[in-house]
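A closer look at the structure
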Amino acid sequence: MSGARLTPKELLARLVEFDTTSANSNLDLVDFVEDYLGGHGIPSQRVPSEDGKKASLFATIGPDGASGIGLSAHTDVVPVKDQKWSSDPFMLTEREGKLYARGSCDMKGFIACILAFAPEFKRRKLKTPVHLLLSYDEEVGCTGCRPMIARLGKDLVRPKLVIVGEPTSMRVVDAHKGIHGFVTEVTGKEAHSSMQHLGVNAIAAAGEILCEINRITAEMRDRADGPRFEPPYTTVQVGVIQGGTAMNIVPKHCRLRWQYRPVPAADPEEIPRRVQAFIDRQVLPGLKAASPLAGVTTRRVSDVPALNAPKGSPAVSLALKLAEQNETFAVSYGTEGGLFEDAGVPAVICGPGDIAQAHAPDEYIDPGELDRCWRFLERLAEHVEQA
């Protein structure tokens, strides 16, 4: 694709055609982006997954080897299975002035904008470079960006700051909740339901743990220590319960998949510590007394830190300037921003699209959001020309 100049809308149409649902490879999309950037003389470098089926992509426009402004986005999207769409989710469809497709809002709209603007960055004589950081598997625990972040300051240039283009309606977001997921598995002992005293009911034990999680949920609601967020507290929930074989068999296994989203001010280890203490104190003794083979195990399956940009953050200051705003916001969803901040790279969230449309059937983005993002990038270009 030698030197092709495409609009954000044209690029969005190309990007959404790649089914980059997290369960799939994103390499076809990466091939496309590499080819597009290469056609404009912009080199890029892959950071492949361990199995080689996916990759992040890092590219720099401007002075080679210098630290600059990072623009970060994830390439994966959530599934469309069991959702009712009015049109093909992997074909951009315009209806009543809105652009419909999976990922149009979250977050291929931002990718389309930065790719469309890349030739303009290339044309200008930038004193500070712009780095593009595209990741995979954000939707399943922000796992794909971690290997790329680990290489920043080594074989990849470490940005001065990163703007994560998640859909914020181009508002500047300087704080978000964390995401921590767990699987708790209860092992009991099977028996005939008429002789249940000979068995150990794993579902009943899991129910005790569920009740304790609900008690913690109510306490977090009353604590309300996150007034900037909606809702203004740490949320906790059990999302999946799996267990049992038949009504006439005392169940041997039960699994709870649960998650909590702490506000930045919260101790991120308080809730798993309390759940484990309850299991040790109230659940395990009874299980072990009934059968030495019974037990409970809990493992962490996702761990995304909260973002709470410090006062005076250069990322927030720049984003406010580029967005021409003087107010910041907090959101309850998680992003890769917390991982950048934890790695010592100041981060802020600002991108086109309304988060209310993300993950939903008939996901869409308003073209006006792409226009606003374009103007944001124009002001960024002026900034890095002068910086």
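Heads up: these notes are all about the structure in this document. Since the model is a prediction, treat every value here as computed from it, not as a measurement.

Conventions adopted
- Residues numbered from 1 in each chain as written.
- Predicted model: local features only at pLDDT ≥ 70, side-chain atom pairs only at ≥ 80, totals over all residues.
- Heavy atoms only, no water.
- Pairing = 2+ DSSP bridges.
- Helix = DSSP H or I, 4+ residues; strand = E, 2+ residues; numbered from the N terminus.
- Axes fitted to C-alpha atoms, helices over the stretch in contact; angles between N-to-C directions.
- Contact = heavy atoms within 4.5 Å.
- Parallel < 35°, antiparallel > 145°, perpendicular 65-115°, else oblique.
- Left-handed = near helix turned anticlockwise from the far one by under 90°.
- Salt bridge = Lys/Arg side-chain N within 4 Å of Asp/Glu carboxyl O.
- Buried < 20%, exposed > 50% of the residue type's maximum accessible area, 1.4 Å probe, protein only.
- Lys, Arg positive; Asp, Glu negative; His and termini not counted.
- Core = buried A, V, L, I, M, F, W, Y, C linked by side-chain atoms within 4.5 Å.
- Disulfide = S-S within 2.5 Å.

Another aspect to go through is the sheet that holds strand β4 (residues 93-95). An order of β4-β5-β16 is seen for the three strands of this open sheet, with the pairing classed as antiparallel. Edge strands, defined here as strands with exactly one partner in the open sheet, are β4 and β16 (364-365). Summarising the sheet, strand β5 (residues 98-100) and β16 pair through two bridges and their orientation is antiparallel. Its bridge partner being in β16, Y100 is matched across the sheet by Y364.

Glancing now at the sheet that holds strand β10 (residues 235-243). Reading across from one edge, β10-β11-β9-β12 is the order of the four strands in this open sheet, with antiparallel pairing throughout. The sheet terminates laterally at β10 and β12 (295-304), the two strands that pair on one side only. Taking the axes of each pair of neighbouring strands and ignoring which way they run, one obtains an average angle of 15 degrees across the sheet. Along the sheet face, helix α5 (residues 202-223) touches β9 (179-187), β10, β11 (253-261) and β12 and points at about 10 degrees away from the line of β11.

Another aspect to go through is the packing of helix α7 (residues 314-323) against helix α9 (residues 367-386). Where α7 contacts α9, the two axes come as close as 8 Å, and the packing angle between them is 120 degrees. Between α7 and α9, the interaxial angle falls into the category oblique. Taken as a pair, α7 and α9 cross one another with a handedness that is right-handed. Contacts between α7 and α9 involve L318, A319, K321, L322 and A323 from the former and F376, R379, L380 and H383 from the latter.

According to the stated counting rule, one finds 22 salt bridges in the structure shown. D31 is paired through a salt bridge with R46; the nearest N and O atoms lie 2.3 Å apart. Taken together, the residues span a long stretch of sequence, with D31 in helix α2 (residues 27-39) and R46 in strand β1 (residues 44-48) at a distance of 15 residues. R46 gets classed as partly exposed once you look at its relative accessible area, which sits at 27%. Between D303 and R300 there is a salt bridge, with the nearest N and O atoms lying 3.7 Å from each other. Residue classification places R300 among the partly exposed positions, given a relative accessible area of 34%. Each member of the salt-bridge network shares a partner with another, and the members are E120, R123, R124 and E385.

With respect to the helices, strands and loops of the structure, E138 is situated in the loop between β6 (130-135) and α4 (145-151). Among buried charged residues, E138 stands out as having no salt bridge; its nearest opposite-charge side chain is R261, 8.5 Å away. With residues up to four places along the chain from it excluded, the contact list for E138 reads H74, D76, E166, G334, T335 and E336.

Moving on, we get to the nonpolar core. By size, the foremost hydrophobic cluster in this structure holds 58 residues, and its most contacted members are L71, F121 and L377. Ranked by the residues each element gives to this core, the list is headed by helix α3 (residues 108-123), at ten residues. Discounting chain neighbours no more than four positions away, the residues touching F121 are I61, L71, L126, V130, L377, L380 and A381. Formed by 25 residues, the second largest nonpolar core is a distinct cluster that contains A202, A206, I216 and L287.

This next bit is on the state of the cysteines. All chains considered together, the criterion is met by zero disulfides. With no disulfide partner, C254 has as its closest neighbouring cysteine sulfur the one in C211, 12 Å distant. C373 supplies the cysteine sulfur nearest to C350, a cysteine that is in no disulfide, at a spacing of 7.6 Å. Judged by its relative accessible area of 1%, C350 falls in the buried class.

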